[in-house]
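Architecture and fold: a report
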Amino acid sequence: NTRTVMALLVFLVIVTSTLIAAGLYTLLTIFHLVPRDTVFSLWLPLIIAVTCNAIGGIGASIYYSHVTKPIRDMVDAMNKIADGNYDVHLSAGANLKELSELTDTLNRMAEQLSGTETMQMDFLNTISHEFKTPVSSILGYARLLQRENLSAAERKEYAGVIMEESRHLSEMTTNILLLTKYENTELVQNASCYSLDEQVRQCVQQLAPVWLKKNIDMEGDFVPVNYVGNEELMTHIWKNLIQNAIQHTPEGGQIRCATRELKDEVEVIVQDNGEGMSPETQERIFERFYQADSSRGSGGNGLGLSIVKRLVDLNQGTIQVESALGAGSTFTVRLPKKRNKPRKEVRDEN
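Now for a look at the structure at hand. Everything quoted here is computed from the prediction, not taken from an experiment.

1. A short note on the overall build of the chain
Of the regular secondary structure elements, the chain holds 9 helices and 7 strands. The buried share of the chain, reckoned over its 350 residues, is 36%. Of the accessible surface of the chain, which amounts to about 21500 Å², a share of 56% is contributed by carbon and sulfur atoms.

Structure, rendered in structure tokens:
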């Protein structure tokens, strides 16, 4: 422990000081600077040894305390972090480069753990709130269905609300699982070369019942583009973007989907002439559970664009939004043709 190491250090200093004192005395007698066989000559080595030992012992204690203080502070900080207290910050006062780097690393770790804990708490609180609303609605309408004097129309209406809220709850659960899965993934696995323009076209066709129901004019400008990636993973991006455009486009509106091939990137554009977004909304659209319309009348759950952002980041791409209230929105996704290897490789379990 610390006391043992310090005691050994002081002991070594005392031994070294004694040897130095004996050496000095020997030199003094050899050069006849101190006469032999006198009282002074007998006390001199003892005086030298005591003086050297005192100075050396005090100096060693001060030096050891100075050197080990940053280490003791780090141990105390790590014990606090282990107990769940992330409000830790060490001053970068260590003289050694290694200790200074270790202090910076410990401070960053505490900050990241604190941020992660806050994010997890916010996430759990939001999930609790988002789940509570549809569950309460389902329970309320289920109680209404137990009444015996309900008309056929009322029963149909209440059952429809329960089915819609159940669907909303199911979609939310699926999206939460997807988001959790991809947030714990750093490397895209099962990548293959495929036709990106054909994939986006198929996503548009699969959502045809939804946009045809709203009488939306769907336009496509699909330039042939080949891309190397995980097809299933990429499908989530295009479906969520197109669903988002359909959701915010009014009856008889227009949506345009396009693919382009750039020099080092591929580009996918999803554009609508719907309600558009304010600058404040644009800053938050990729946050989990964020909805500009808190009434949920549009049927979303605020997770689709969060999934899109995470998957685009996973593929080392970028997503840009251009929008204005009443003028529609344009989402532009750019993906590099060649991805850099991430530091942490995590396999896709599927």
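There is more to say, and it comes next.
2. What to know about the packing of aromatic side chains
Under the definition given, this model contains 2 aromatic pairs. A centroid spacing of 5.5 Å and a plane angle of 55° characterise the contact between Tyr141 and Tyr158, whose relative ring orientation is tilted. In this pair, Tyr141 sits in helix H3 (residues 97–145) while Tyr158 sits in helix H4 (residues 152–183), placing the two residues 17 residues apart along the sequence. On the basis of relative accessibility, which here comes to 27%, the residue Tyr141 falls in the partly exposed class.

3. Examining helix H5 (residues 196–206)
Restricting attention to buried positions, one finds in H5 the residues Leu196, Asp197, Gln199, Val200, Cys203 and Val204. With its buried residues spanning 165° around the axis, H5 presents them on a single face.

4. Focus: the sheet that holds strand E4 (residues 254–261)
Strand pairing in a sheet is mediated by backbone hydrogen bonds. Such pairs are either parallel or antiparallel. Taken in spatial order, the 5 strands of this open sheet run E2-E4-E5-E7-E6, and their pairing is mixed. Strands with a single pairing partner mark the edges of an open sheet, and in this sheet they are strand E2 (217–222) and strand E6 (318–323). Within the sheet, the average angular offset between the axes of one strand and its neighbour, ignoring direction, is 10°. Both strand E5 (residues 265–272) and strand E7 (residues 329–336) contribute to a ladder of 8 bridges, which runs antiparallel.

5. Notes on the nonpolar core
Grouped together as the largest cluster of nonpolar side chains are 39 residues, with contacts concentrated most on Trp238, Leu241, Ile242 and Cys257. Apart from the residues lying within four places of it in its own chain, the contact partners of Trp238 are Leu196, Gln199, Val200, Cys203, Val268, Val333 and Leu335. Ranked by size, the runner-up nonpolar core spans 8 residues in total, among them Met74, Ala77, Leu99 and Ala110.

6. Topic: the pattern of salt bridges
For the structure shown, the criterion picks out 6 salt bridges. Notably, a salt bridge pairs Glu261 with Lys337, separated by 3.1 Å at the nearest N-O pair. Taken together, the residues Glu261 in strand E4 and Lys337 in the segment after E7 connect sequence positions 76 residues apart. A residue is classified by how much of its surface remains accessible, and Glu261, at 45% relative accessible area, is partly exposed. In this structure, Glu267 engages Arg334 in a salt bridge whose closest nitrogen and oxygen atoms are separated by 2.8 Å. Taken together, the residues Glu267 in strand E5 and Arg334 in strand E7 connect sequence positions 67 residues apart.

7. A few points about the side chain of Thr332
Turning to its location among the elements, Thr332 is positioned in strand E7. With relative accessibility at 12%, the residue Thr332 sits in the buried group. Discounting chain neighbours no more than four positions away, the residues touching Thr332 are Glu267, Val268, Ile269, Thr318, Ile319 and Gln320.

8. Quick notes on the packing of helix H7 (residues 231–247) against helix H9 (residues 304–314)
Running from N to C, H7 and H9 cross one another at 140°; their axes reach a closest spacing of 9 Å. When the axes of H7 and H9 are compared, the pair comes out oblique. Crossing handedness for the pair H7 and H9: left-handed. Every residue of H9 that contacts H7 at Leu233, His236, Ile237, Asn240, Leu241 and Asn244 is listed here: Gly304, Leu305, Ile307, Val308, Leu311, Val312 and Leu314.

9. Considering the pairing of E5
Within E5, 6 of the 8 residues are buried, which leaves it mostly tucked inside the rest of the structure. Linking two consecutive strands that pair antiparallel, namely E4 and E5, is a turn of 3 residues.

10. Here we look at a nonpolar patch on the surface
Together, Ile20, Leu24, Leu27, Ile30 and Phe31 make up an exposed nonpolar region whose accessible area comes to about 500 Å². Within the secondary structure, Leu24 sits in helix H1 (residues 2–30).

11. Observations concerning the pairing of E7
Along a regular strand, successive side chains alternate from one face of the sheet to the other. Most of E7 sits inside the fold, with 7 of its 8 residues counted as buried. The pairing of E6 with E7 spans 6 bridges and is antiparallel. Counterpart to Ile319 in the pairing with E7 is Val333. What sits between E6 and E7 in their antiparallel hairpin is a turn of 5 residues, with Gly326 showing a positive phi close to 80°.

12. Structural notes on the packing of H5 against H7
As a packed pair, H5 and H7 sit with axes 10 Å apart at the nearest point and diverge in direction by 50°. As summarised for this structure, H5 and H7 are arranged oblique, according to the angle between their axes. The way H5 lies across H7 gives a crossing that is right-handed. Of the residues in H7, those in contact with Leu196, Gln199, Val200, Cys203, Val204 and Gln206 of H5 are Glu231, Met234, Thr235, Trp238, Lys239 and Ile242. Its residues assigned to classes, the contact of H5 with H7 comprises 7 nonpolar, 3 polar and 2 charged.

Cut-offs and rules
Residues numbered from 1 in each chain as written. Predicted model: local features only at pLDDT ≥ 70, side-chain atom pairs only at ≥ 80, totals over all residues. Heavy atoms only, no water. Helix = DSSP H or I, 4+ residues; strand = E, 2+ residues; numbered from the N terminus. Buried < 20%, exposed > 50% of the residue type's maximum accessible area, 1.4 Å probe, protein only. Areas by Shrake-Rupley, 256 points an atom, 1.4 Å probe, with all protein chains shown as cover. Phe/Tyr/Trp six-rings, centres within 6.5 Å; stacked < 30°, edge-to-face > 60°. Arc of directions from axis to C-beta. Pairing = 2+ DSSP bridges. Axes fitted to C-alpha atoms, helices over the stretch in contact; angles between N-to-C directions. Core = buried A, V, L, I, M, F, W, Y, C linked by side-chain atoms within 4.5 Å. Contact = heavy atoms within 4.5 Å. Salt bridge = Lys/Arg side-chain N within 4 Å of Asp/Glu carboxyl O. Parallel < 35°, antiparallel > 145°, perpendicular 65-115°, else oblique. Left-handed = near helix turned anticlockwise from the far one by under 90°. Patch = residues over 30% accessible without salt bridge, like charges linked within 9 Å, V, L, I, M, F, W, Y side chains within 5 Å. Nonpolar A, V, L, I, M, F, W, Y, C, P; charged D, E, K, R; others polar.

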